[in-house]
Structures are given as structure tokens and as C-alpha cells.
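Below are the chains, spelled out letter by letter.
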Amino acid sequence: MKLIGSYTSPFVRKISVILLEKGITFEFINEMPYNAENGVAKYNPLGKVPALVTDDGECWYDSPLIAQYIELLDIAPALVPRDPKAALRMRQLESLADGIMDAGLVSVREQARPAAQQSPEELVRQREKITRALDALEAYTADGTLKADELNLATIAVACAVGYLNFRRVSPGWCATRPHLVKLVETLFQRDSFARTEPPKA
Ligand SMILES: N[C@@H](CCC(=O)N[C@@H](CS)C(=O)NCC(=O)O)C(=O)O
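Thresholds applied
Residues numbered from 1 in each chain as written. Predicted model: local features only at pLDDT ≥ 70, side-chain atom pairs only at ≥ 80, totals over all residues. Heavy atoms only, no water. Axes fitted to C-alpha atoms, helices over the stretch in contact; angles between N-to-C directions. Helix = DSSP H or I, 4+ residues; strand = E, 2+ residues; numbered from the N terminus. Parallel < 35°, antiparallel > 145°, perpendicular 65-115°, else oblique. Left-handed = near helix turned anticlockwise from the far one by under 90°. Contact = heavy atoms within 4.5 Å. Nonpolar A, V, L, I, M, F, W, Y, C, P; charged D, E, K, R; others polar. 1 Å grid on protein atoms, 1.4 Å probe; cavity = no way out; pocket = protein on both sides within 12 Å on 5 of 7 lines; lining within 4 Å. Points joined across faces, edges and corners; volume = space filled by probe spheres on them. Domains from an automatic or database assignment. Buried area = accessible area lost by both parts, 1.4 Å probe. Salt bridge = Lys/Arg side-chain N within 4 Å of Asp/Glu carboxyl O. Polar contact = N/O pair within 3.5 Å; in protein donor to acceptor, adjacent residues only side chain to side chain. Pairing = 2+ DSSP bridges. Buried < 20%, exposed > 50% of the residue type's maximum accessible area, 1.4 Å probe, protein only. Arc of directions from axis to C-beta.

An unreviewed UniProt entry lists the chain under the name Glutathione S-transferase, with Scandinavium lactucae given as the organism.

Remark: helix 3 (residues 84-111) packs on helix 5 (residues 153-168), axes separated minimally by 8 Å, with the N-to-C direction vectors making an angle of 15°. Relative to helix 5, helix 3 is oriented roughly parallel. Along this stretch, helix 3 crosses helix 5, giving a crossing that reads as left-handed. Between helix 3, through M90, R91, L93, E94, A97, D98, I100, M101, G104, L105 and V108, and helix 5, the contact on the second element is made entirely by L153, A154, A157, V158, C160, A161, Y164, L165 and R168. Partitioning the contact of helix 3 with helix 5 into residue classes produces 15 nonpolar, one polar and four charged.

If a probe the size of a water molecule is rolled over the atoms, the empty space left behind becomes visible. In this structure, the largest pocket occupies an estimated 610 Å³ of space. Contributing to the lining of the largest pocket are 27 residues, with S9, F11, Y34, V49 and L105 lying nearest its centre. Sorting the residues of the lining of the largest pocket by element identifies helix 1 (10-21), helix 2 (63-72), helix 3 and helix 5 as the ones contributing at least two each. With five residues, the top contributor of residues to the lining of the largest pocket is helix 3. Residue composition of the lining of the largest pocket, grouped by class: 14 nonpolar, seven polar and six charged. Both domains that meet at the lining of the largest pocket, namely domain 1 (2-72) and domain 2 (84-191), each give it at least three residues.

In terms of domain boundaries, the chain breaks down into domain 1 (2-72) and domain 2 (84-191). In this assembly, 13 residues from domain 1 lie in contact with 17 residues from domain 2. Between domain 1 and domain 2, roughly 1400 Å² of surface is buried when both sides are summed, and carbon and sulfur atoms account for 68% of that area. D98 is paired through a salt bridge with K14; the nearest N and O atoms lie 2.9 Å apart. Remark: the boundary between domain 1 and domain 2 carries three residue pairs in polar contact (both at pLDDT 80 or more).

The sheet built from four strands is open, its strands ordered 2-1-3-4 with mixed pairing. A strand with exactly one partner marks an edge of an open sheet, and here the two such strands are strand 2 (27-30) and strand 4 (59-61). Strand-to-strand twist of the sheet, defined as the mean angle between neighbouring strand axes without regard to direction, takes the value 20°. Alignment of strand 1 (residues 2-5) against strand 3 (residues 51-53), held across three bridges, turns out to be antiparallel. Across the sheet, K2 pairs through a bridge with V53, a residue of strand 3. Contacts from helix 1 reach strand 1, strand 2 and strand 3, with the element oriented near 160° to strand 1. Sitting on the sheet, helix 2 touches strand 3 and strand 4, and the angle it makes with strand 4 is about 130°.

Of all the residues in helix 6 (residues 179-189), the buried ones are L181, V182, L184, V185 and L188. All buried residues of helix 6 project into a common sector of 165° when viewed along the axis, lining one side. When the buried face of helix 6 is taken as reference, the exposed residues oriented beyond 90 degrees from it are P179 and K183. In the core, the buried residues of helix 6 are packed alongside helix 4 (120-142), helix 5 and helix 7 (192-195).

Put into C-alpha cells, the structure is as follows:
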């Protein structure tokens, strides 16, 4: 299998962690989608990473769908419940985490523009999405919907989303008022799969 991605993308990290946790061997093809010259569109017409190319030459893109494909391979540990409704609930939590990644990415892109071209309103809009989503995740960890000691699609996605906020210093004070979420992500960050997929420092 080939995973097309960049080392800084939280969506790519989610898929890398899933593959590592399941012990699936893969080759990482480093492509930077925001570089002028990049080969991402060969794999995904939308020009986004991750994309996954299987040994049969099938190509999958959009990380929730890739995660679903990998789960279909039926390789332990199972990361999504078999019950369809429970699976849907877990995928909704994945969407919430992915939404934080999306809003974090938009914020980072906006702040990379020349100061005069940045939209403070857009930055506030994105920050509010992140704040509301983090509050929802804190509530889900407090009521046991998300459990720090459970490895599944939702907890992996949440840890990747928060890892991205930390890495890009978006919402830097997020942890002050969300102790349950802090415990969850710190537990996940201790895993080898997370240590091996930490974004580069520079
Ligand atoms: N919904 C997509 C989002 C992927 C995404 O936005 N990836 C970013 C990198 S973190 C990207 O490739 N952006 C390039 C672009 O938007 O042109 C997924 O879950 O795979």
C-alpha cells in the first residue's frame, strides 16, 4: 500500500496511525499539496491528501473514506463497532474532530496571508468553530462517550485534531478548561503510533 501525504497534515496522520496500529505495511509518498509543483492530483482530482493506493492499484481519497476502506480489511484491532448505528455515532465523532482540523487549517492558511489581506472576521469564525467543537469533545470525554483508555477511530481522530492545534499553536489555551480532553489526548500521545507520526518541529 502507498499512502500519499505530507508529514504535517492531521488527516494524513489519522490514516498513518490507523495503519500503524493495525500493523499494515505501507510506503509513505511525501507530497506537499500546497507546493506549486506537486503530484497530488494524480491520486486525487481535488488535490488533497491523504490518498491511499492499494496493492491492487485502487486509489481512495478523503480520510473518513480511507479509514472505512481500511476497516473493511478486517485487520485487528477493530477501530469501529460492527453495529451500524454505533459505527455511525463513531463516525460523527470523527467528523467533529475532522472539522477541527478543517477550521485549524483555514486559520493557519489565513494567517499565512499578508497581514493587510487577512480577514479578522474569518479568523473569529474559525476560532468559534474550534471552541464549540472542543467544548463538545470535553463533554463527550466527561460523560464517557469518549474514553481515554479506548483506541478507536474517534479517539484517534480527536488526538490528531488536538495534535494539529498544538503543532500550529491554534487556540493555544485550549487545555486550561478541558481536563478530560487533556487526559484523553495525553494517553493517545503516549502510543508508539503517535510518537512515530509526530509532525516535524521546524
Ligand atoms: N476531507 C479531506 C480533507 C483533506 C485536506 O484538507 N488535506 C489538506 C492537507 S491537511 C490538503 O491536502 N489541502 C490541499 C488543498 O486544499 O488544496 C480528508 O479528510 O482527507
